[in-house]
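This is what each chain is made of:
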Amino acid sequence: MRFPYGPAALSMLILSIISGVWLAFNPVPPKKATLVMWTFAKTHYDAYKQAIPSFEARHPGVKVDLQLVSWQAVTSRLQAAFLSDLDVPDLVEVEISAAGSFFRGPLKDVGFLDLTDRIKQSGLYDRMVQARFAPYTSRGRIFGLPHDVHPVMIAYRRDIFDQLGIDPNEIQTWDDFIRIGRKVTIPGKRYMLELPDSESSRFEPLLYQRGGGLFDPQGNCTMDNEIAVQTMLFYVPLVAGPNRIASDLGGGQIFTRAVEDGYFLCMIAPDWRSKTIEVDVPKMRGKMALMPLPAVYPGGRRTSTWGGTMIGITKSCKYPDLAWELALHLYLNKDDLAQRFRDTNILPALKEAWDHPAYDEPRPYWSNQPLGRLYAQLAPDVPFQYTSPFVGTAKGKLSEALVACVQYYKQNGDKGFEEFVRKRLKQSADEVRRLMRRNPY
Amino acid sequence: MATRPTDISLTPTRAARTSRWFVLQYRMAPYLFVSPFLILFFTFGAYPIVKSLILAFYATNGPKSAVFVGLQNFIFLFSDRDFHKAVWNTAVFAFWSVFLQLPLSLGLALLLNSRWVRGRELLRLAFFSPNLLGQVFVGVLFSVLFIPQYGLVNRFLHFIAGVPLDTKWLANPNLVMPALVLTSLWMYVGFNMIYFLAALQAVDKDLYEAATVDGANAWHQFWAVTLPGIKPVAVFVLVMSTIGSFQLFELPWIMLNNSAGPDQAGLTIVMYLYQTGFVTGDLGYASTVGWTLALGVLLISLFQMRVTGAWKGGD
């Protein structure tokens, strides 16, 4: 007897019957975990995998299901799940630029547990770098424990600096940096610094260094204040115009090639990026070094901050006390943090952890500099970075303003530039404020 | 009058006719057969459509916190610079996609329909194959091709025209759209070519012979025979390309590294909808954007069909 619909349909039918029967007799057992945790960073995931067994051993019967979830999924899927009351994990690590968007709406509707009292009662507010709570605070309430500090330094090609006779100790201020940069920059072939002219990811650390920011502690948009104007007036001539000393090509393989070719001599490097550079540009081992960020004025702040992660406990968590204990286990254990620092170069927010010898170990990649100590010395000076549910919009608007200012400067130079910067930043800030006013909550 | 065999087989027996169950089953059977579709359609089609229409009149923080704002979302939309930018970008993309893509597709189809071209099957596969990859893969591929200093596009343009090696296609607001249009051309020209090729092969050969006898040259034959012959397919391709262009999302999203690009030069309407709905959580405003997009696409499609005379039918 022939199957009436042909061999293709017959094979599909057979396949579906076989797989259906197989699944019926071999059902996938549901995971039974007491706590489910999401993280978006592979390095965090690997570190927590090692730390979780000791937590489970301390709590017999408790099982932690750690899941590596993409950054995109954490920001969009978790947001959607919170908003629609769907299943969410018990603990989540959220990237700093997305954190603000989770604090939208009335405080009672924020999907994360308010950790303010736990943090203050346990003394963690003083034991950790206080500036790092700011990005995870909304209307005075803290919704996340900071994972890191991310102080910013400058990574540079030490071998080329030596060849050119540049002494990094002579670079104290941005004026020093720019003066040397103009001497060594060869347009189209070599630039003193890697800085983009089309988005604001590295403009922001320089804005924070000057004490500015996108928002103030009350959540008001401040991206057009005098500090922002002065930062823009400083930044744009670095990346545009005849005297520019900075360029940008992009990330990944192109970045590797550019650093190897000496296309960039310096890069803005928070602790996490020092690891990225190690991994992406392995050939530069022993040829790279770090120096503090040049100060805006003599004696001024020699660092800033770029990036960050918080851990939060969701309101739907059935065992919030246990989840809090897990968060503390992952974020406070000094030995684990030391090992994590060795693996990731990330300086933890817990100040007392920096006493560990791991932070004084010389790093061959960085010309045997004690990487941890360099970052730790700058960490107490890391600026505050306030957030708002509109932080994503504000970042986009700041990027738009930057692009417009770059275009203006390319066409007109200094003529009327300051006036344009003020006008353009105000336009962007007003657009953010307009959106904020629309918010009925 | 002939009786259909199905009527014979479905005619209930005397005993069965007395059964209420059978009568019920007999009446309900058609509804039961179509019910899977109806259930799925109402759950995943009609309900979300109606819900989104209602949401368009609310300011929301997700579905659980909603405040009725009447027409405020629509009023805000018409003064929203980001939405204007998204509409402009999408319209520019649609314009160039349609007016470059369709002539190129038709040209390729004419070429491959010619009996003088050798290896037509291979060429057909070659031109169509980019479409097999998917927008995400193509986006990743072209974001590498467009990188400054070391990218293949810049190397090639530098070699033939002296274009600077550090030209930033995806970081310069003036070059983002050309980069997106070029990428979409590579991807979709071959796809539309297949439609045109099928239409060309369906044109009656006798008409060409008659035109030749009447003294028509190749150009006259193209205007008088080919174009009218492929008109229904051309209108279909035009409308579908326009709708597809207005739904643009993945390509710029991937090529511009999950963003709208410098100065929002790659912001499309669907991207704005996504950002509003799923990043900032304002599903109400996102619904307003979605409905405006749907109405816009409908109007443009109707306009295109009217202009091209697709409603007249028969020709």
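For the structure given in this document, a descriptive report is provided here. What you are looking at is a predicted structure, and each value in this text was computed from that prediction instead of being measured.

Structural notes on the sheet that holds strand S9 (residues 246–247) of chain A
All names here are of chain A.
Step number 1: Spatially, the five strands line up as an open sheet ordered S9-S8-S10-S7-S11, and their pairing is mixed. For this open sheet the edge positions go to S9 and strand S11 (288–292), each flanked by a neighbour on one side alone.
Step number 2: Contacting strand S7 (152–157), strand S8 (191–194), strand S10 (264–270) and S11, helix H8 (residues 174–184) crosses the sheet at an angle of about 130° to S8.

Looking at the interface of chain B and chain A
Step number 1: Taken together, the 37 residues of chain B in the interface contact 39 residues of chain A.
Step number 2: Here chain B and chain A share an interface that buries about 3100 Å² over both sides, 47% of which is from carbon and sulfur atoms.
Step number 3: Seen at the junction of chain B and chain A, the total is seven residue pairs in polar contact (both at pLDDT 80 or more).
Step number 4: Elements that contribute at least two residues to the side of chain B that touches chain A include exactly strand S1 (58–60), strand S2 (66–68), helix H4 (72–78), helix H5 (81–113), helix H9 (173–202) and helix H13 (269–279) of chain B.
Step number 5: Counting residues per element, the side of chain B that touches chain A draws most heavily on H13 of chain B, at three residues.
Step number 6: When grouped by side-chain class, the residues that make up the side of chain B that touches chain A number 16 nonpolar, 13 polar and eight charged.

Some words on helix H17 (residues 417–438) of chain A
Step number 1: End to end, H17 of chain A covers 32 Å across 22 residues, agreeing with the expected 32 Å (1.5 Å per residue, within 8%).
Step number 2: Taken together, the buried positions of H17 of chain A are Phe-417, Val-421, Arg-424, Leu-425, Ser-428, Ala-429, Glu-431, Val-432, Leu-435 and Arg-438 of chain A.
Step number 3: Where H17 of chain A is buried, its residues contact helix H10 (226–239) and helix H16 (391–412) of chain A together with H4, H5 and helix H14 (283–307) of chain B.

Comments concerning the packing of H10 of chain A against H16 of chain A
All names here are of chain A.
Step number 1: Running from N to C, H10 and H16 point in directions that differ by 60°, and their axes come no closer than 10 Å. Here H10 lies oblique to H16, going by the angle between them. The interaxial crossing formed by H10 with H16 has right-handed handedness. Residues Met-232, Tyr-235, Val-236, Pro-237 and Val-239 of H10 form the contact with H16, whose participating residues are Ala-401, Leu-402, Cys-405, Val-406 and Tyr-409.

Basis of the calculations
Residues numbered from 1 in each chain as written. Chains lettered and ligands numbered in written order. Predicted model: local features only at pLDDT ≥ 70, side-chain atom pairs only at ≥ 80, totals over all residues. Heavy atoms only, no water. Pairing = 2+ DSSP bridges. Helix = DSSP H or I, 4+ residues; strand = E, 2+ residues; numbered from the N terminus. Contact = heavy atoms within 4.5 Å. Axes fitted to C-alpha atoms, helices over the stretch in contact; angles between N-to-C directions. Buried area = accessible area lost by both parts, 1.4 Å probe. Polar contact = N/O pair within 3.5 Å; in protein donor to acceptor, adjacent residues only side chain to side chain. Nonpolar A, V, L, I, M, F, W, Y, C, P; charged D, E, K, R; others polar. Expected span 1.5 Å × (residues − 1). Buried < 20%, exposed > 50% of the residue type's maximum accessible area, 1.4 Å probe, protein only. Parallel < 35°, antiparallel > 145°, perpendicular 65-115°, else oblique. Left-handed = near helix turned anticlockwise from the far one by under 90°.

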